[in-house]
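Listed below are the residues making up each chain.
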Amino acid sequence: MDTHYHFSISMNKSPLKEEISVLFSGEGRPMEGHYIGPAVHDFYLIHLVLEGEGTFETLGESYRLGKGDVFVIFPDILVKYEADMQYPWSYVWVAFSGGLADAALSELGITPDCTVIRSDRTTRLRRLFRMLRKSLDRNSLPSLGNAESAGWLRLLLYELGMGMQRRQSEHGGESSMNGDGEDADVLHQPSYSRIDQAVRLMNLQYAHQLTIEGIAATLGYHRSHLTKLFKLATGLSPAQYLFKVRMKKAERLLEGDLTIAQVAASVGFGDPLFFSKQFRRWSGRSPTAFRKERQPSSE
């Protein structure tokens, strides 16, 4: 058991694939400096910070968060979050999935480049998390627990979306930095739906022979214009972001049994020697040396 992280969790025994369904919900109290990632998830996650402080990193941006802040994690988006060394945070979370989830979040103004929300309604939000988790713990039919938890999740999304919608309507789709008042208030980041598409394309198609020119053409942009908007939204150029995605995927694959050539092909490099050169540029070590460092000692 990890002695640096205390948590409890409740599972949904009957999630639905198409509709928005809660997968699990829990509460964590990490120790000082405990971090998760950089990693990608296969589901959506919403965290509410209850106490303390920590840092959330996504799409090249880093956010310092505290009590009442909410951060949302999207599938296939590389993220990292870390507890403060002096005042480590505690938080509650809910994970969910479903074919309708992305559209539902987007309509509320919650997108991969707009995922951090400030709120002083911590008590209200915490109650919703508590009721959602209770619905998973009830000794009843799993299908009933699924239906009830989905209802609480939608109320939670409503709370987050109402404040965001009000602020964004005053700023042409962009959010306000003002955290005063009762409503939730999203931290400012440029929000571009096509940049969201580019990010998702790279995270899903990184193993293919993607080019920045091809991505730009798919989205109806000139390469230079895409690069400018992408940097505003993520802090990285499209080429830098794609390179980062591929190298992070390669790191995980190198912990397995694939050959270097197989890893290279799996992350979009047809030439294993060129992959090795790029990986050394990324990590400072060859793929073979990196693998040896990650393998458990035989002693």
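Just so it is clear, the model here is predicted, and its values are computed rather than measured.

Draft legend 1. Spatial organisation of the environment of I36. Assignment of secondary structure puts I36 in strand β3 (residues 35-39). In this structure I36 comes out as partly exposed when scored by relative accessible area, which is 24%. For the pair I36 and Y81, spaced 45 residues apart in the sequence, the C-alpha separation amounts to 5.5 Å. Beyond its immediate sequence surroundings of up to four residues, I36 is in contact with V79, K80, Y81 and Y91.

Draft legend 2. The arrangement of the layout of surface pockets in detail. Empty space within the largest pocket amounts to approximately 250 Å³. For the lining of the largest pocket, the elements supplying multiple residues, two or more each, are β3 and α7 (238-253). Among the elements that make up the lining of the largest pocket, the one with the highest residue count is α7 (five residues). Of the residues contributing to the lining of the largest pocket, the split by class is five nonpolar, two polar and six charged. Taken as a whole, the second largest pocket holds about 180 Å³ of empty space. Looking at the second largest pocket, the residues that line it are H208, Q209, L210, A239, L242, F243, R246, G268, F269, G270, D271 and F274. In terms of residue count, α7 provides more of the lining of the second largest pocket than any other element does, four residues in total.

Draft legend 3. Broad picture of the pattern of salt bridges. The final tally for this structure, using the stated rule, is 10 salt bridges. Measuring nitrogen to oxygen at the nearest pair gives 3.6 Å for the salt bridge that ties E51 to K67. Within this pair, whereas E51 is found in strand β4 (residues 44-51), its partner K67 is found in the loop between β6 (61-65) and β7 (70-73), the two being separated by 16 residues in sequence. Taking the shortest distance from any N to any O, the salt bridge between R64 and D84 comes out at 2.2 Å. Highlighted residues: R64 in strand β6 and D84 in the loop between β8 (79-83) and β9 (90-97), separated in sequence by 20 residues. The class of D84 is buried, set by a relative accessible area of 11%.

Draft legend 4. Seen up close, the environment of E293. You can see E293 is positioned in helix α10 (residues 287-294). Among the residues examined, E293 registers a relative accessible area of 52% and is labelled exposed. In this structure the C-alpha to C-alpha distance between E293 and E255, which are 38 residues apart in sequence, comes to 9.5 Å. A polar contact is formed between the side chain of E293 and the side chain of R285, at a distance of 2.9 Å.

Draft legend 5. View of helix α9 (residues 272-283). With 12 residues, α9 should cover 16 Å at 1.5 Å per step; its first-to-last C-alpha distance of 16 Å lies within 8% of that length. Those residues of α9 that fall on the buried side of the exposure criterion are F275, Q278, F279 and S283. An end-on view of α9 places all buried positions within 120° of arc, on one side of the element. Residues of α9 that are exposed and point over 90 degrees away from its buried face: L273, K277 and R281. On its buried face, α9 sits against α7, α8 (260-266) and α10. A distance of 2.9 Å separates the backbone nitrogen of L273 from a side-chain oxygen at the start of α9, and that oxygen is part of D271. Positive backbone phi, approximately 80°, marks G284, located one or two places after α9.

Draft legend 6. Inspection of the packing of aromatic side chains at higher detail. Applying the stated criterion across every chain, the model contains 15 aromatic pairs. Ring centres of Y44 and F96 lie 5.3 Å apart, and the angle between their planes is 10°; on these two criteria the pair is classed as stacked. A residue pair is termed long-range when its members are at least 10 positions apart, and Y44 in strand β4 and F96 in strand β9 qualify at 52 residues. An identical accessibility class is assigned to Y44 and F96; each is buried. Each ring, one from F269 and one from F275, has its centre 5.6 Å from the other, and the planes form 55°; the classification is tilted.

Draft legend 7. Spatial organisation of empty space enclosed by the protein. The tally for this structure, following the rule as stated, stands at one cavity of 30 Å³ or more. The calculated volume of the largest cavity comes to roughly 50 Å³. Its residues assigned to classes, the lining of the largest cavity shows five nonpolar, one polar and one charged.

Draft legend 8. Fine view of the side chain of S135. Following the sequence through the fold, S135 ends up in helix α2 (residues 122-137). On the basis of relative accessible area, S135 is assigned to the buried category, the value being 1%. Of the polar contacts made by the side chain of S135, one reaches the backbone oxygen of L132; its length is 2.4 Å. The contacts of S135, once residues within four sequence positions are left out, are G145, E148, S149 and W152.

Draft legend 9. Up close: the sheet that holds strand β5 (residues 54-58). One open sheet accounts for four strands, arranged β3-β8-β5-β6; its pairing is antiparallel. Edge strands, defined here as strands with exactly one partner in the open sheet, are β3 and β6. With strand direction ignored, the average angle separating the axes of adjacent strands in the sheet is 15°. Looking at chain direction, β3 and β8 are connected through three bridges and run antiparallel. Considered in β8, the bridge of Y35 is made with E82.

What counts and how
- Residues numbered from 1 in each chain as written.
- Predicted model: local features only at pLDDT ≥ 70, side-chain atom pairs only at ≥ 80, totals over all residues.
- Heavy atoms only, no water.
- Helix = DSSP H or I, 4+ residues; strand = E, 2+ residues; numbered from the N terminus.
- Buried < 20%, exposed > 50% of the residue type's maximum accessible area, 1.4 Å probe, protein only.
- Contact = heavy atoms within 4.5 Å.
- 1 Å grid on protein atoms, 1.4 Å probe; cavity = no way out; pocket = protein on both sides within 12 Å on 5 of 7 lines; lining within 4 Å.
- Points joined across faces, edges and corners; volume = space filled by probe spheres on them.
- Nonpolar A, V, L, I, M, F, W, Y, C, P; charged D, E, K, R; others polar.
- Salt bridge = Lys/Arg side-chain N within 4 Å of Asp/Glu carboxyl O.
- Polar contact = N/O pair within 3.5 Å; in protein donor to acceptor, adjacent residues only side chain to side chain.
- Expected span 1.5 Å × (residues − 1).
- Arc of directions from axis to C-beta.
- Phe/Tyr/Trp six-rings, centres within 6.5 Å; stacked < 30°, edge-to-face > 60°.
- Pairing = 2+ DSSP bridges.
- Axes fitted to C-alpha atoms, helices over the stretch in contact; angles between N-to-C directions.

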